[in-house]
Amino acid sequence: MIMEQRLTDEERLTLRTGAFGAVFLVSNADPGMFGMVRESFAASSAFGAASGPVKEALTTGPLPELPTDSALEIESVALPALERAVRILAARSPGEVATYRTVVLDAAGRVARAHRGVAPEETAMIERIRAALDRPE
């Protein structure tokens, strides 16, 4: 029987960095000032709907520090954080891997749909996020 282990503060920050980075990437794929407010509410509701250790990691603690200069810089932080988050959960709380993947993809999808429908750039970014989440554990 596999037992869940409590996540450290650093591990929870990694989960937050990946998840918040993912929604930031989708939001920036089709930028717009008015859409940002709707998108942030959409992501927050997806994170709040999570449960267990994933919800705790995504809704408590400090916000992650993400670069803001370019999409490539954000990507260079967010996508590896998603991969690390999946590895952390696989090692510490294997039953939560699917929950994390689902929550992050749900948040990304909600952000994409929050303003003017889903743009092709947003769809492409969601596929990159999905690929990072699906890398072998």
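Owing to the predicted nature of the structure, the values given are computational and were not obtained by experimental measurement.

Student: Quick rundown of the pattern of salt bridges? Include the residues and the values.
Tutor: Under the defined criterion, the tally for this structure stands at 7 salt bridges. Salt-bridge contacts for Arg6 lead to Glu56; the nearest nitrogen and oxygen are separated by 3.2 Å. Of this pair, Arg6 sits in the segment before α1 (9-29) while Glu56 sits in helix α3 (residues 52-59), placing them 50 residues apart in sequence. Of the residues examined, Arg6 reaches a relative accessible area of 60% and is grouped as exposed. Its salt-bridge partner being Arg92, residue Glu11 comes within 3.0 Å of it at the nearest N-O pair. Separated by 81 residues along the polypeptide, Glu11 in helix α1 and Arg92 in helix α4 (residues 71-92) bring together distant segments of the chain.

Student: Describe the environment of Arg128, listing the residues and the values that go with them.
Tutor: Its location among the elements puts Arg128 in helix α6 (residues 120-133). The spacing of Arg128 and Glu75 is 53 residues in sequence and 9.5 Å in space, taken between C-alpha atoms. Apart from the residues lying within four places of it in its own chain, the contact partners of Arg128 are Glu75 and Leu79.

Thresholds applied
Within every chain, residues take consecutive numbers counted from 1 along the sequence as written. Local features in a predicted model are, by the rule used here, given only for residues with pLDDT of at least 70; side-chain atom pairs are given and counted only at 80 or more, and totals for whole chains, interfaces and linings are based on all residues. No hydrogens and no water enter the side-chain calculation; it runs on all heavy atoms of the structure. We define a salt bridge as a side-chain nitrogen of Lys or Arg found within 4 Å of a carboxyl oxygen belonging to Asp or Glu. Helix and strand definitions here come from DSSP, where helices need a minimum of 4 consecutive H or I residues and strands a minimum of 2 consecutive E residues; each element is numbered from the N-terminal end. Relative accessibility decides the category of a residue: with a 1.4 Å probe and only protein chains considered, values under 20% of the type maximum give buried, values over 50% give exposed, and everything between is partly exposed. Note on contacts: a residue pair qualifies if any of its non-hydrogen atoms lie within 4.5 Å across the two residues.

Limitation: the analysis is restricted to geometry and does not speak to function.
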